[in-house]
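In case you want the letters, here they are:
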Amino acid sequence: MNKEIVNARKQNMRLFSIYRAISLDLIFYYGVEFLFLTQVKNITASKVVLASSFYAIYMIFLQIPASIIVDKLGTKKCSILANIFNVIFVFLIINCSGFYMLIFAQFISALCYSLKDISDEALLRYSIPDAKIKGDIFSKLEGRGNKNYFLFNGVSSIFSGFLYVINQYIPMIISLVFAILATILSFGFQDIERIKVDKKEQTIKQYFIELKEGMSFILKSKRLRSLFLYSGISWGTFCLISKYRSSLLVDIGTGAQIMTIVSAILNVASSLGSKRQLEFNKKFKNKSLSIILILVTISILISGIIGLLNVPYIIALSVIIICFVVINAVKGMSLVLTTRYLGNFSDEKILTQIYAANAMMKNLLRAIIAFLGSRLLDTTSTANSMIVVGICLSAISISLIIYMKNRLGLNPDDYDKDEIYNKGDVEVKL
């Protein structure tokens, strides 16, 4: 193998976990985001939730253009560009003047993550040499990066709460600094796509013929359709419930410092989930995703019920924290496992298209869930809203588990040939 490519792979794999720790999402931001937007910018809770549905809609329309841009420019340049958009997003939030500016900021954030969700994951995949344990290596590196992010974000959440009390803009300014740092780190990656030369020689017509063939494979794949549905429903639920969590804690009388401590605890839970996802998957195998859905559903219902009951504050807070520890732990597992499963039975020629198609479905369902969740929050209390969401998710989870049963978790030889894009890269189930 070309020595230059070997060295580039090593450099990317060494840098990825460090880069991921501060770039998976914003640092010093989410612990005080809800408070900052509602208390400083005077945007209502329902509009904060509604703005997230606009973000999801933007993501749907940007995914196909984003996949084409990543294919043409390469993963490194797109990761750099994505991080620059993230810097602009935080700057806009700091200077947000109302709901409509928040919607525009969400568009900039969508530009960031439509590229980032494809380029970062593909960059790591391209950096791992072909091997039967390629999926395990991907899970370890991705899991380590996610674990470090959630730990770092958890610690920063505690500080952000106290800094918010001192000056409400300090956490946002620090978040901007970390977004700039992530941009600088992304310059350290190398573009090593093995088909890079072939792409340069393609005509536009040839490229779109290949794109059409790839999307045709994706749409026909029962395995990928199942994963897209799971990814969309689970991600939409995680995003909605994170907003509901902040609103529920405010409803029971939780202050800013306590809320950020809770956020820190939940980030540690996500970190542990990311770290233990390999063990979880090896133990439960093709039942892993089903168990995640069940645990999330039960935890949401319990949180909603405890929010309705007239119990002492410390009991209500403790139960809510326990429920969200479970939700965030399985969230950490879900993020890594879903990305790993999507990349199985494929190669570089179709990988960016698979990630793009998944992001489209994920954000379509997130937009629907966020819109319905915001309408629900307008008409009733947060606790009631969570109970309704939990009941709906129960029915959806049962249907989805039945749908996935004969489409995921099969032995490689049990899949139809149409389910495997590159038979030379079959290494794991799912």
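Worth saying up front: this structure is predicted, and the values here are computed from it rather than measured.

Side note on the overall build of the protein
Here is step 1: The number of helices and strands found in the protein is 15 helices and 0 strands.
Here is step 2: For the protein, the proportion of its 430 residues judged to be buried stands at 57%.
Here is step 3: Once local pairs closer than 6 in sequence are excluded, the contacts in the protein between residues at least 24 apart make up 86%.
Here is step 4: Summed over its atoms, the accessible surface of the protein is roughly 18,000 Å², and 65% of this surface lies on carbon and sulfur atoms.

Some remarks on the pattern of salt bridges
Here is step 1: Within the structure shown, the criterion is met by 7 salt bridges.
Here is step 2: Residue Glu-121 pairs with Arg-20 through a salt bridge whose shortest N-O separation is 2.7 Å. Remark: Arg-20 occurs in helix α1 (residues 3-23) and Glu-121 occurs in helix α5 (residues 99-127); sequence separation between them is 101 residues.
Here is step 3: A relative accessible area of 8% places Glu-121 in the buried class.
Here is step 4: Between Asp-378 and Arg-375 there is a salt bridge, and its shortest N-O distance comes to 3.2 Å. Of the two residues, Asp-378 and Arg-375 both sit in helix α14 (residues 348-379), 3 residues apart, roughly one turn of that helix.
Here is step 5: Look at the salt bridges and you will find they share partners, linking Arg-20, Lys-116, Asp-120, Glu-121 and Glu-142 into a network.

A word on a nonpolar patch on the surface
Here is step 1: A cluster of nonpolar side chains, namely Val-155, Ile-158, Phe-159, Phe-162, Ile-258, Ile-261, Ile-265, Tyr-313, Ile-314 and Ile-315, defines an oily patch on the protein surface of about 840 Å² accessible area.
Here is step 2: Elements with a minimum of two residues in the nonpolar patch: α6 (134-166), α11 (256-284) and α13 (313-343).
Here is step 3: Ranked by residue count, the leading element in the nonpolar patch is α6, at 4 residues.
Here is step 4: Assignment of secondary structure puts Phe-159 in helix α6.

Describing unusual backbone geometry
Both trends apply: most residues other than glycine have a negative phi, and most peptide bonds are in trans.
Here is step 1: The backbone of Phe-28 shows a phi angle near 65°, a positive value even though the residue is not glycine.
Here is step 2: If you trace the backbone, Phe-28 turns up in the loop between α1 and α2 (33-40).
Here is step 3: A residue is classified by how much of its surface remains accessible, and Phe-28, at 10% relative accessible area, is buried.
Here is step 4: A positive phi angle, near 55°, is found at Asn-42, a position not held by glycine.
Here is step 5: Mapped onto the fold, Asn-42 is located in the loop between α2 and α3 (45-73).
Here is step 6: The class for Asn-42 is exposed, based on a relative accessible area of 62%.

What about the packing of aromatic side chains?
Here is step 1: Throughout the structure, instances matching the rule amount to 14 aromatic pairs.
Here is step 2: Through a chain of ring-to-ring contacts, the aromatic side chains of Phe-54, Tyr-58, Phe-99, Tyr-100 and Phe-107 assemble into a single cluster.
Here is step 3: Above the ring of Phe-99, the side-chain terminus of Lys-47 is found at 5.4 Å from the ring centroid.
Here is step 4: Taking NZ or CZ as reference, Lys-362 lies 5.3 Å from the ring centre of Trp-235, over its face.

Comments concerning the environment of Met-259
Here is step 1: As for its position among the elements, Met-259 is in helix α11.
Here is step 2: In this structure Met-259 comes out as buried when scored by relative accessible area, which is 6%.
Here is step 3: Between the C-alpha atoms of Met-259 and Leu-249, which are 10 residues apart in sequence, the distance is 7.2 Å.
Here is step 4: Those residues in contact with Met-259 that sit more than four places away from it in its chain are Leu-35, Ser-246, Leu-249, Val-250 and Thr-254.

Quick word on α2
Here is step 1: Where burial is concerned, most of α2 is hidden: 7 out of the 8 residues are buried.
Here is step 2: For α2, every residue scored as buried is listed here: Glu-33, Phe-34, Leu-35, Phe-36, Leu-37, Thr-38 and Val-40.
Here is step 3: A positive phi of about 55° marks Asn-42, the residue just after α2.

Comments concerning the side chain of Ser-231
Here is step 1: With respect to the helices and strands, Ser-231 occurs in helix α10 (residues 222-251).
Here is step 2: Residue Ser-231 is classed as buried on the basis of its relative accessible area of 5%.
Here is step 3: Here the side chain of Ser-231 touches Asn-358 through a polar contact of 3.1 Å, side chain to side chain.
Here is step 4: Non-local contacts of Ser-231, meaning those with residues more than four positions away in its chain, are made with Thr-338, Asn-358 and Lys-362.

A look at the environment of Leu-301
Here is step 1: Within the secondary structure layout, Leu-301 lies in helix α12 (residues 288-308).
Here is step 2: Leu-301 sits in the partly exposed class, given a relative accessible area of 21%.
Here is step 3: Separated by 88 residues in sequence, Leu-301 and Val-389 place their C-alpha atoms 8.0 Å apart.
Here is step 4: Discounting chain neighbours no more than four positions away, the residues touching Leu-301 are Ile-387, Gly-390, Ile-391 and Ser-394.

Some words on the packing of α10 against helix α15 (residues 382-404)
The geometry of a pair of packed helices is captured by two quantities: the angle between their axes and the separation between those axes.
Here is step 1: The interhelical angle for the contact between α10 and α15, taken along N-to-C directions, is 165°, at an axis separation of 11 Å. As summarised for this structure, α10 and α15 are arranged roughly antiparallel, according to the angle between their axes. The two elements α10 and α15 meet at a crossing, and its hand is left-handed. Along its contact with α10, which presents Arg-225, Ser-226, Leu-229, Tyr-230, Ile-233, Thr-237, Leu-240, Ile-241, Tyr-244, Ser-247, Leu-248 and Asp-251, the element α15 presents Thr-382, Ala-383, Ser-385, Met-386, Val-389, Leu-393, Ile-396, Leu-400, Tyr-403 and Met-404.
Here is step 2: Class assignment of the residues belonging to the contact of α10 with α15 gives a composition of 15 nonpolar, 5 polar and 2 charged.

With respect to the packing of α11 against α12
Here is step 1: In the contact formed by α11 and α12, the axes pass within 9 Å of each other and the chain directions differ by 110°. Between α11 and α12, the interaxial angle falls into the category roughly perpendicular. On the side of α11, the interface is formed by Phe-280, Asn-281 and Phe-284, while α12 contributes Ser-288, Ile-291 and Ile-292.

Re α15
Because the α-helix completes a turn every 3.6 residues, residues three or four places apart line up on one side.
Here is step 1: Here α15 spans 31 Å end to end across 23 residues, near enough to the 33 Å set by a 1.5 Å rise per residue.
Here is step 2: Of the positions making up α15, those classed as buried are Thr-382, Ala-383, Ser-385, Met-386, Ile-387, Val-389, Gly-390, Leu-393, Ser-397, Leu-400 and Met-404.

Cut-off values and rules
- Residues numbered from 1 in each chain as written.
- Predicted model: local features only at pLDDT ≥ 70, side-chain atom pairs only at ≥ 80, totals over all residues.
- Heavy atoms only, no water.
- Helix = DSSP H or I, 4+ residues; strand = E, 2+ residues; numbered from the N terminus.
- Buried < 20%, exposed > 50% of the residue type's maximum accessible area, 1.4 Å probe, protein only.
- Contact = heavy atoms within 4.5 Å.
- Areas by Shrake-Rupley, 256 points an atom, 1.4 Å probe, with all protein chains shown as cover.
- Salt bridge = Lys/Arg side-chain N within 4 Å of Asp/Glu carboxyl O.
- Patch = residues over 30% accessible without salt bridge, like charges linked within 9 Å, V, L, I, M, F, W, Y side chains within 5 Å.
- Phe/Tyr/Trp six-rings, centres within 6.5 Å; stacked < 30°, edge-to-face > 60°.
- Lys NZ or Arg CZ within 6 Å of the ring centre and 35° of its normal.
- Polar contact = N/O pair within 3.5 Å; in protein donor to acceptor, adjacent residues only side chain to side chain.
- Axes fitted to C-alpha atoms, helices over the stretch in contact; angles between N-to-C directions.
- Parallel < 35°, antiparallel > 145°, perpendicular 65-115°, else oblique.
- Left-handed = near helix turned anticlockwise from the far one by under 90°.
- Nonpolar A, V, L, I, M, F, W, Y, C, P; charged D, E, K, R; others polar.
- Expected span 1.5 Å × (residues − 1).

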